[in-house]
Amino acid sequence: MFKSNKAQNLIQNGNFESYVNTSFCSNGDISVVNNWSSIASSDYYNSVCNNNYYGTPLNYFGNCNAFSGNGYAGLGVFNRSNELKEYLYQHLNSVLITGKTYYTSFYLSRSDKVTYSINNIGVYFTTAQPNSSFLYIAALPQIENQTGFLTDTIGWTKIEGYFK
């Protein structure tokens, strides 16, 4: 018996390759990346930058090739002195339908320069528009890392899961 499955990518520009201009090379501003926004100033890194701050693979935070293509986003997810965290978000291509099962995945690589690793990171789907006053979003992600502390500074760790 075979069951037919339909798949569609609801995430736009999931590999961070499409951007408006190279102004991010001087300040890392993720707002130039098509379809992505940030809370608390997440950064953008790409091989088109000819500097050691926002380039790839070498940049201020270490040496890391993009998972695919030339660019990736950088997030601060833990700060020992306060609860400030950085978030990336976007509007999906279509509305999620109640009762349907969805799958999502993303990849993480820990920076060479950070002291700590994290184990609690995930994806949260919501109809509420996030705003910059959310320095800590108290929500239970639908998809969370299940592999323990993310310590790999060379490769990329896949975080994935299904949710309704």
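Anyway, here's the lowdown on the structure attached to this text. (Residues numbered from 1 in each chain as written. Predicted model: local features only at pLDDT ≥ 70, side-chain atom pairs only at ≥ 80, totals over all residues. Heavy atoms only, no water.)

**What to know about unusual backbone geometry**
Between Thr56 and Pro57 the backbone carries a cis peptide bond, its omega angle lying at 5 degrees. Tracing the backbone shows Pro57 in the loop between β2 (43–46) and β3 (58–59). Its identity is not glycine, yet Phe16 carries a phi of approximately 60 degrees, on the positive side. Note on placement: Phe16 falls in the segment before α1 (24–27). Phi angles above zero are rare outside glycine, and Asn35 is one such case at about 75 degrees. In this structure Asn35 comes out as partly exposed when scored by relative accessible area, which is 39%. (Helix = DSSP H or I, 4+ residues; strand = E, 2+ residues; numbered from the N terminus. Buried < 20%, exposed > 50% of the residue type's maximum accessible area, 1.4 Å probe, protein only.)

**Concerning the state of the cysteines**
Following the criterion strictly, the structure yields one disulfide and no others. The partner cysteine of Cys25 in its disulfide is Cys49, sulfur to sulfur 2.2 Å. Looking down the S-S bond of the Cys25 and Cys49 bridge, the torsion is -90 degrees, so its handedness is left-handed. With Cys25 in helix α1 and Cys49 in the loop between β2 and β3, this pair connects stretches of sequence that are 24 residues apart. Note on Cys25: relative accessible area 15%, which makes it buried. With no disulfide of its own, Cys64 lies closest to Cys49 among cysteine sulfurs, the gap being 15 Å. (Disulfide = S-S within 2.5 Å.)

Treat this as a map of the structure, not an account of what it does.
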